[in-house]
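Listed here are the chains, written in short residue letters.
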Amino acid sequence: MSTTLQAPAAAAAAAPAKAADDDGKNGKVKAPAVCVLITSTLVPDASKPLSYTSVRSVYSPLQRLEQTVESVKSVLARMPTAHVIISDNSRVLDRSFVEKLEKAGAEVINVHGNDADSIYKALGEAHGTLLGLRHIRSLKRPFDVFLKLSGRYHLTDAFDLNRFLRPNKMTF
């Protein structure tokens, strides 16, 4: 799979940087720097019910891990140079889980805090997103595209990165 993309009309007007191996004659540009933030709770605290149900998750932590690994793989299959970050708010995350996600190609940060244990699932999601964004900012790396994906979801073959290559836009 090539790591270069055809420049969309709007990006071409902005004179994108040429790839190091590009002689400037074939119309290809350097692949955009993509960051994908995946929020997750790999090990939910079963003792803390949600506002709408007493069952925090129907999936075991191992199932949730495997689903999240598939999320990472789906991102990297479509964007091989993407920087993938798992923002996980589990109270305790086994080192073997982290190693498996890292082996799949993701950076893992643990962002557990009081909001992660809320009875409101959306509050935990927002907490993971906010702290994930703070981490991305601390990297001091310029990203052309930022995408946010909820844990255990994955990109399909219908995903087209070119739809998101717009100046000064974030996609959640």
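Note that the coordinates shown come from a computational prediction; the quantities given were computed from them, not determined experimentally. (Residues numbered from 1 in each chain as written. Predicted model: local features only at pLDDT ≥ 70, side-chain atom pairs only at ≥ 80, totals over all residues. Heavy atoms only, no water.)

Pairing analysis gives five bridges linking strand E4 (residues 83–88) to strand E5 (residues 106–110), with the strands arranged parallel. Residue pairing for E5: Ser-87 is matched across the bridge by Ile-109. For the handedness criterion, the β-α-β arrangement of E4, helix H3 (residues 95–104) and E5 is classed as right-handed. (Pairing = 2+ DSSP bridges. Helix = DSSP H or I, 4+ residues; strand = E, 2+ residues; numbered from the N terminus. Right-handed = clockwise from strand over helix to strand, strands pointing away.)

Relative to the 27 Å expected for 19 residues at 1.5 Å per residue, helix H4 (residues 121–139) spans 28 Å between its end C-alpha atoms, a close match to the ideal helical length. Residues of H4 that are buried: Gly-124, His-127, Gly-128, Thr-129, Gly-132, His-135 and Ile-136. The inward-facing, buried residues of H4 contact strand E3 (34–40), E4, E5 and strand E6 (145–150). Following H4 by one or two positions, Lys-140 has its phi on the positive side, about 55 degrees. (Expected span 1.5 Å × (residues − 1). Buried < 20%, exposed > 50% of the residue type's maximum accessible area, 1.4 Å probe, protein only. Contact = heavy atoms within 4.5 Å.)

So, on to the sheet that holds E3. Strand order in this open sheet of four strands is E5-E4-E3-E6, and the pairing throughout is parallel. Across the chains shown, the open sheet's two edge strands, defined by having one partner strand only, are E5 and E6. Across this sheet, the average inter-strand angle for adjacent strands is 20 degrees, counted without regard to direction. Docked against the sheet, helix H2 (residues 61–78) engages E3, E4, E5 and E6, running at close to 160 degrees with respect to E4. H3 rests against E4 and E5 of the sheet, and its axis sits at about 150 degrees to E5. (Axes fitted to C-alpha atoms, helices over the stretch in contact; angles between N-to-C directions.)

This paragraph deals with the environment of Ala-106. Within the secondary structure layout, Ala-106 lies in strand E5. Expressed as a C-alpha distance, the spacing of Ala-106 and Ile-85, which sit 21 residues apart in the sequence, is 5.5 Å. Setting aside residues no more than four positions away along its own chain, Ala-106 makes contact with Val-72, Val-84, Ile-86 and Leu-101.

Let us now look at unusual backbone geometry. Within the chain, Lys-140 stands out as a residue other than glycine whose phi angle is a positive 55 degrees. By the element assignment, Lys-140 lies in the loop between H4 and E6. For Lys-140, a relative accessible area of 73% puts it in the exposed group. If you check the backbone angles, Arg-152 has positive phi at about 80 degrees while not being a glycine.

This part is about a nonpolar patch on the surface. Taken together, the side chains of Val-55, Val-58 and Tyr-59 define a hydrophobic patch exposed on the protein surface, amounting to about 290 Å² of accessible area. The topology assignment puts Val-58 in the loop between E3 and H2. (Patch = residues over 30% accessible without salt bridge, like charges linked within 9 Å, V, L, I, M, F, W, Y side chains within 5 Å. Areas by Shrake-Rupley, 256 points an atom, 1.4 Å probe, with all protein chains shown as cover. Salt bridge = Lys/Arg side-chain N within 4 Å of Asp/Glu carboxyl O.)

Next up on the list: the side chain of Arg-56. In this structure, Arg-56 sits in the loop between E3 and H2. The class for Arg-56 is buried, based on a relative accessible area of 18%. A distance of 3.0 Å separates a polar side-chain atom of Arg-56 from the backbone oxygen of Lys-48. A polar atom in the side chain of Arg-56 sits 3.5 Å from the backbone oxygen of Pro-49. Non-local contacts of Arg-56, meaning those with residues more than four positions away in its chain, are made with Pro-44, Asp-45, Ala-46, Lys-48, Pro-49, Leu-50, Ala-116, Asp-117, Ser-118 and Ile-119. (Polar contact = N/O pair within 3.5 Å; in protein donor to acceptor, adjacent residues only side chain to side chain.)

Across the seven residues of E3, seven count as buried, placing the element largely inside the fold. Residues Val-34, Val-36, Ile-38 and Ser-40 point to one face of E3 and Cys-35, Leu-37 and Thr-39 to the other, with burial holding for every one of them. Alignment of E3 against E6, held across six bridges, turns out to be parallel. Across the sheet, Thr-39 pairs through a bridge with Ser-150, a residue of E6. Bridging between E3 and E4 involves six bridges; their strand directions are parallel. Paired with Ser-40 across the two strands is Asp-88, which belongs to E4. Between the parallel elements E3 and E4, the chain passes through H2 in a crossover that is right-handed.

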